[in-house]
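Coordinate analysis (summary)
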Amino acid sequence: MKKFLNLLLIIGCLFLLGACGKGESKRIIRISHNQAQDHPTNIGLLAFEEFIESKLGDKYDVQVFPNELLGSQVNTVELTQTGAIDFAVASNAILESFDNIYQIFNLPYLFDSPEHYHAVMDNAELIEPIFTSTEKSGFEAVTWLDAGTRNFYTVKKPINTPDDLKGLKIRVQQSASNIRMMELFGGAATPMGFGEVYTALQQGVIDGAENNELAITSNKHGEVAKFYSYNMHQMVPDILIGNLKFLNGLSAEEREIFNEGFRLISKVQREAWTESVEKSKVQAQNEMNVQFIYPEVALFKEKVLPLHGEVLEATPKLKPIYDKIQEIGRQIKKGGNN
Ligand code: GCU
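Here is a short report on the structure shown in this document. Throughout this document, residue positions are counted from 1 along each chain, in the order its sequence is written. Selection of residues for local features in this predicted model requires a pLDDT of at least 70, selection of side-chain atom pairs for listing and counting requires 80 or more, and totals for whole chains, interfaces and linings are taken over all residues. The side-chain figures draw on all heavy atoms in the structure; neither hydrogens nor water molecules are used.

Topic: the packing of helix α2 (residues 40-56) against helix α11 (residues 252-288)
At a minimum axis distance of 8 Å, the contact between α2 and α11 shows a crossing angle of 150 degrees. When the axes of α2 and α11 are compared, the pair comes out roughly antiparallel. As α2 packs across α11, the resulting crossing turns out to be right-handed. The classification used treats Ala, Val, Leu, Ile, Met, Phe, Trp, Tyr, Cys and Pro as nonpolar, Asp, Glu, Lys and Arg as charged, and all other residues, Gly among them, as polar. Residues belonging to the contact of α2 with α11 are distributed by class as follows: 16 nonpolar, 5 polar and 3 charged. Simply put, an axis is a line fit to the C-alpha atoms, just over the touching stretch for a helix, and the angle between two N-to-C directions goes from 0 to 180 degrees. Numbering of helices and strands starts at the N terminus; helices are DSSP runs of H or I of at least 4 residues and strands are runs of E of at least 2. Note on terminology: angles under 35 degrees are roughly parallel, angles over 145 are roughly antiparallel, angles of 65 to 115 are roughly perpendicular, and the others are oblique. For any pair of crossing helices, the crossing counts as left-handed if the nearer helix is rotated counterclockwise from the farther one by less than a right angle, and right-handed if it is rotated clockwise.

As for the site of the ligand
Close to the ligand lie Asn-34, Gln-35, Gln-73, Ser-91, Ala-147, Arg-150, Arg-171, Gln-173, Phe-194, Asn-211 and Asp-238, which account for all nearby residues. Here an oxygen atom of the ligand and a side-chain polar atom of Gln-35 are 3.0 Å apart. Here the residues of the shell around the ligand sort into 2 nonpolar, 6 polar and 3 charged. Nearness is judged by heavy atoms alone; a residue qualifies as near a molecule or strand once a single heavy atom is within 4 Å of it. For this analysis, a polar contact is any N or O atom pair within 3.5 Å, provided that within protein one partner can donate a hydrogen and the other can accept it, and provided that sequence-adjacent residues contribute only side-chain to side-chain pairs.

Concerning the packing of helix α5 (residues 114-121) against helix α14 (residues 319-334)
Running from amino to carboxyl end, α5 crosses α14 at an angle of 130 degrees, the nearest separation of the two axes being 10 Å. Classified by the angle their axes make, α5 and α14 are oblique. In this structure, the crossing between α5 and α14 has a hand that is right-handed. Contacts between α5 and α14 involve Glu-115, His-116, Ala-119 and Val-120 from the first element and Ile-325, Ile-328, Gly-329 and Ile-332 from the second. Note on contacts: a residue pair qualifies if any of its non-hydrogen atoms lie within 4.5 Å across the two residues.

What about the nonpolar core?
In this description, a nonpolar core means a group of buried Ala, Val, Leu, Ile, Met, Phe, Trp, Tyr and Cys residues linked to one another through side-chain atoms lying within 4.5 Å. Buried residues are those whose accessible area, probed at 1.4 Å on protein chains only, stays under 20% of the maximum for their type, while exposed residues exceed 50% and partly exposed ones sit between those limits. With 52 residues, the main nonpolar core has Ile-104, Phe-105, Leu-126, Phe-185, Ile-239 and Ile-325 as its most contacted residues. Per-element accounting of this core gives the leading share, 5 residues, to α14. Those residues in contact with Phe-185 that sit more than four places away from it in its chain are Tyr-109, Phe-152, Pro-162, Leu-165, Asn-231, His-233, Phe-300, Lys-303 and Val-304. Grouped together as the second largest cluster of nonpolar side chains are 22 residues, Phe-51, Val-89, Phe-246 and Phe-258 included.

Concerning the packing of aromatic side chains
The way to describe two aromatic rings as a pair is by their centre distance and the angle between their planes. Each Phe, Tyr or Trp ring, with Trp reduced to its six-membered ring, pairs with another whose centre is within 6.5 Å; inter-plane angles below 30 degrees give stacked pairs, above 60 give edge-to-face pairs, and intermediate values give tilted ones. Under the criterion given, the structure shown has 20 aromatic pairs. Both rings, one in Phe-48 and one in Phe-258, keep their centres 6.0 Å apart while their planes meet at 70 degrees; by these two values the pair is edge-to-face. With Phe-48 in helix α2 and Phe-258 in helix α11, this residue pair connects regions lying 210 residues apart in the sequence. A single burial state applies to Phe-48 and to Phe-258, both of which are buried.

Regarding the side chain of Asp-238
Here Asp-238 is to be found in strand β10 (residues 238-243). For the charge count, each Lys or Arg is scored as positive and each Asp or Glu as negative, with His and the chain ends excluded. A pair is scored as a salt bridge if a Lys or Arg side-chain nitrogen falls within 4 Å of a carboxyl oxygen belonging to Asp or Glu. Buried and without a salt bridge, Asp-238 has Arg-150 as its closest oppositely charged side chain, separated by 6.3 Å. Residues within four places of Asp-238 in sequence aside, it is in contact with Val-89, Ala-90, Ser-91, Asn-92, Thr-143, Trp-144, Leu-145 and Ala-147.

A short note on helix α6 (residues 124-131)
All of the buried residues in α6 are Leu-126, Ile-127, Ile-130 and Phe-131. Here the buried residues of α6 occupy an arc of 120 degrees about the axis, which is enough to place them on one side. Summarising the geometry of α6, the exposed residues directed more than 90 degrees from the buried face are Ala-124 and Glu-125. Contacts from the buried residues of α6 go to α5, β4 (139-145), β10 and α14. Note: the arc covers the axis-to-C-beta directions of the helix.

Description of unusual backbone geometry
Phi at Tyr-109 takes a positive value of approximately 55 degrees, unusual for a residue other than glycine. When you line up the elements, Tyr-109 lands in the loop between α4 (92-95) and α5. Taking the relative accessible area as the measure of exposure, Tyr-109 reaches 10% and is therefore buried. Although it is not a glycine, Asn-289 adopts a positive phi angle of roughly 60 degrees. Within the fold, Asn-289 resides in the loop between α11 and β11 (291-293). Relative accessible area serves as the criterion here: at 62%, Asn-289 is assigned to the exposed category.

Brief notes about the sheet that holds strand β3 (residues 87-91)
Two orientations exist for strands paired in a sheet by backbone hydrogen bonds: parallel and antiparallel. We treat two strands as partners when DSSP finds at least two bridges between them. Taken in spatial order, the 5 strands of this open sheet run β2-β1-β3-β10-β4, and their pairing is mixed. Among the strands making up the open sheet, the edge pair consists of β2 (60-65) and β4. Direction aside, neighbouring strands of the sheet carry axes that sit 25 degrees apart on average. By the bridge criterion, 2 bridges tie strand β1 (residues 27-32) to β3 in an arrangement that is parallel. Each residue of the ladder has a partner; that of Ile-31, found in β3, is Phe-87. Strand contacts of helix α3 (residues 73-82): β1, β3, β4 and β10, with the helix running at about 140 degrees to β3, the strand carrying the most contacts.

Side note on the pattern of salt bridges
Any two side chains of opposite charge can pair, on the condition that their charged atoms come close. What the rule picks out here adds up to 15 salt bridges. Here Glu-271 makes a salt bridge to Lys-267, at a shortest N to O gap of 3.4 Å. In this pair, Glu-271 and Lys-267 are both assigned in helix α11, 4 residues apart and thus about one turn of the helix distant. Look at the salt bridges and you will find they share partners, linking Asp-99, Lys-136 and Lys-317 into a network.

See the structure below:
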């Protein structure tokens, strides 16, 4: 009920915002995400705003809303579905509840390296059917954004082996795959929205969480959690989704410009990513006193690999995608292109 009232409130505010803009005839395009203004995702989206307005500025006014201003990712996917907003960045993790094809990228240790991850996500033939799978839900994916590698971080107890997770409450994203993954790791999964994690760490509601390095600095979790363990369990992309009716309402020329804009977001975001992560590590160590730990990854991997078989058995349509991902990985190892 609270969630529904929140949603009504946001829709009401958006209506008022729309009403205020009525003097001008421009169509406002609202894009929501949950990261801070210094985050590569915000930088990529601002490049999109500038690009679209430079090409189609007489018709469209692009507005980027960071920091969960329009709601959590789950809320804003719903708002994008109904068309109350036009675009939202959602972690792949939560999209599996809209189409279970998205389970594929939630599998732990699916990719061998960032190179493998990028090659798969850039493979149009493989990605296209996944990105259009949610058309029945009123939205589609238009591009992906790098969200690095997810690792455990904790407040009191450093994680050196999976045994250290026993009895710890670890925040996971709101996804059945992630809950099951934590179960296999041996910790107690505590699903919640990203915006609630800082306070939950601070108040001891959870003992730790798992995410990329920017959660430590850009989202300030390192003010509370002082141990970051490179167990490297997932590379879960962020996905920019758009309202289908809006996208289908664009003329062919406009759609081409938007597509160029979507490619630009991905390019700018990824260029900013590597540098941001490097800076983040230095900041976490020097200014926040966060300790980085390098445990034996194989110990973690063996705990959760059974999830691959479980998911493929329950959702057989994932098998050809999974096989293709493995094949791309083999080719990269051999030094060839896919
Ligand atoms: C990363 C990711 C976000 C996601 C967050 C989370 O920061 O980029 O899209 O919401 O993890 O753990 O919820």
